[in-house]
Amino acid sequence: VIASTLLAAEMGLDSRFLRTDEFRRFFSGEVDVVPGMKSWCTPYALSIMGAQYTNNCPFKTGNGYGDGRAISVGEIVTKAGSRWEMQLKGGGQTPFCRGADGRAVLRSSIREFLASEAMHHLGISTTR
């Protein structure tokens, strides 16, 4: 739907690459499809943990925060030495999505993308 051409440039990617099947395949977890974008890992999912507050935890135990939709596709180091972890959010079930389908609706994904890009351009550190 949308990708940041500026971030792609920071990662050493040509903006034309963003419209290719290889781009979609890479960011869907097929990390070997792009030469020069080798990751140290295979795709994985994590559970977000924090301080054990029970009043706002969906399980009322303090053992689960976040919606479990994020899948880390991989981590790369660019030619310039920048390290980037790439995630696919809302791509389907993970072991931590609490029984839901793990999907993200388009409006939420676009809102998150726009907010992270705006924060970056305002000079506020973000997970962009």
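Okay, so let's go over this structure. (Residues numbered from 1 in each chain as written. Predicted model: local features only at pLDDT ≥ 70, side-chain atom pairs only at ≥ 80, totals over all residues. Heavy atoms only, no water.)

## Some details on the overall build of the protein
Rule in force here: Only DSSP runs of H or I reaching four residues or more are called helices, and only runs of E reaching two or more are called strands; each is numbered from the N terminus. Only protein chains enter the accessibility calculation, which uses a 1.4 Å probe. A residue is then buried if its area is under 20% of the maximum for its type, exposed if over 50%, and partly exposed in between. What makes two residues a contact is simply this: any of their non-hydrogen atoms within 4.5 Å.
Secondary structure summary: the protein contains 3 helices and 3 strands in total. Reading the helices (α) and strands (β) of the protein from amino to carboxyl end gives α-α-β-β-β-α. Looking at the protein as a whole, 30% of its 128 residues qualify as buried. For the protein, the share of sequence-separated contacts (at least 6 apart) that also reach a separation of at least 24 residues comes to 44%.

## With respect to the environment of T5
Along the chain, the position of T5 falls in helix 1 (residues 5–10). Along the primary structure T5 and R16 are separated by 11 residues, whereas in three dimensions their C-alpha atoms are 9.0 Å apart.

## Quick notes on the layout of surface pockets
Just so we agree on the cut-off: Grid points spaced at 1 Å over the protein atoms alone were grouped into cavities, where a 1.4 Å probe fits but cannot get out, and pockets, open sets with protein on both sides within 12 Å along at least five of seven lines, with lining residues defined by an atom within 4 Å of a point. Grid points are joined across faces, edges and corners, and a volume is the space filled by probe spheres set on the points.
Considered as a void within the structure, the largest pocket measures approximately 1,700 Å³ in volume. Lining of the largest pocket is provided by 45 residues; of these, Q87, L88, K89, F113 and R128 occupy positions nearest its centre. If you list the elements that add at least two residues to the lining of the largest pocket, you get helix 1, helix 2 (21–26), strand 1 (44–45), strand 2 (70–77), strand 3 (83–89) and helix 3 (106–121). The element that contributes the greatest number of residues to the lining of the largest pocket is helix 3, accounting for 10 residues.

## Digging into helix 3
The periodicity of an α-helix, 3.6 residues per turn, causes residues three or four places apart in sequence to face the same way. Where we set the bar: Between the first and last residue of a helix there are one fewer steps than residues, each counted as 1.5 Å, and that sum is the expected span. Think of the arc as the fan of directions from the helix axis to the C-beta atoms.
The terminal C-alpha atoms of helix 3 lie 23 Å apart, and with 16 residues this matches the ideal 22 Å at 1.5 Å per residue to within 8%. Inspection of helix 3 places S108, S116 and E117 among the buried residues, and these make up the whole buried set. For helix 3, the buried positions fall inside an angular range of 160° around the axis, keeping them on one side. The exposed residues of helix 3 that point more than 90 degrees off its buried face are R107 and R111. Residue G123 follows helix 3 closely and has a positive phi angle near 85°.

## Remarks on the pattern of salt bridges
Quick note on the threshold: Each salt bridge in this description consists of a side-chain nitrogen of Lys or Arg and a carboxyl oxygen of Asp or Glu lying within 4 Å of one another.
For the structure on display, the rule yields 3 salt bridges. When the shortest N-O distance is used, the salt bridge between D14 and R16 registers 2.6 Å. Residue R16 is classed as exposed on the basis of its relative accessible area, which comes to 61%. Note that R83 and E75 form a salt bridge whose closest N and O atoms lie 2.6 Å from each other. In this structure R83 comes out as exposed when scored by relative accessible area, which is 55%. Accessibility expressed as a relative area gives 17% for E75, which makes it buried.

## Structural notes on the nonpolar core
For clarity, the cut-off: Residues belong to a common nonpolar core when they are buried Ala, Val, Leu, Ile, Met, Phe, Trp, Tyr or Cys residues joined through side-chain atoms within 4.5 Å.
Counting residues in hydrophobic clusters, the biggest one holds 14 residues, and the most contacted among them are M11, F26 and M86. At the level of elements, helix 1, helix 2 and strand 3 are the ones that each hand at least two residues to this core.

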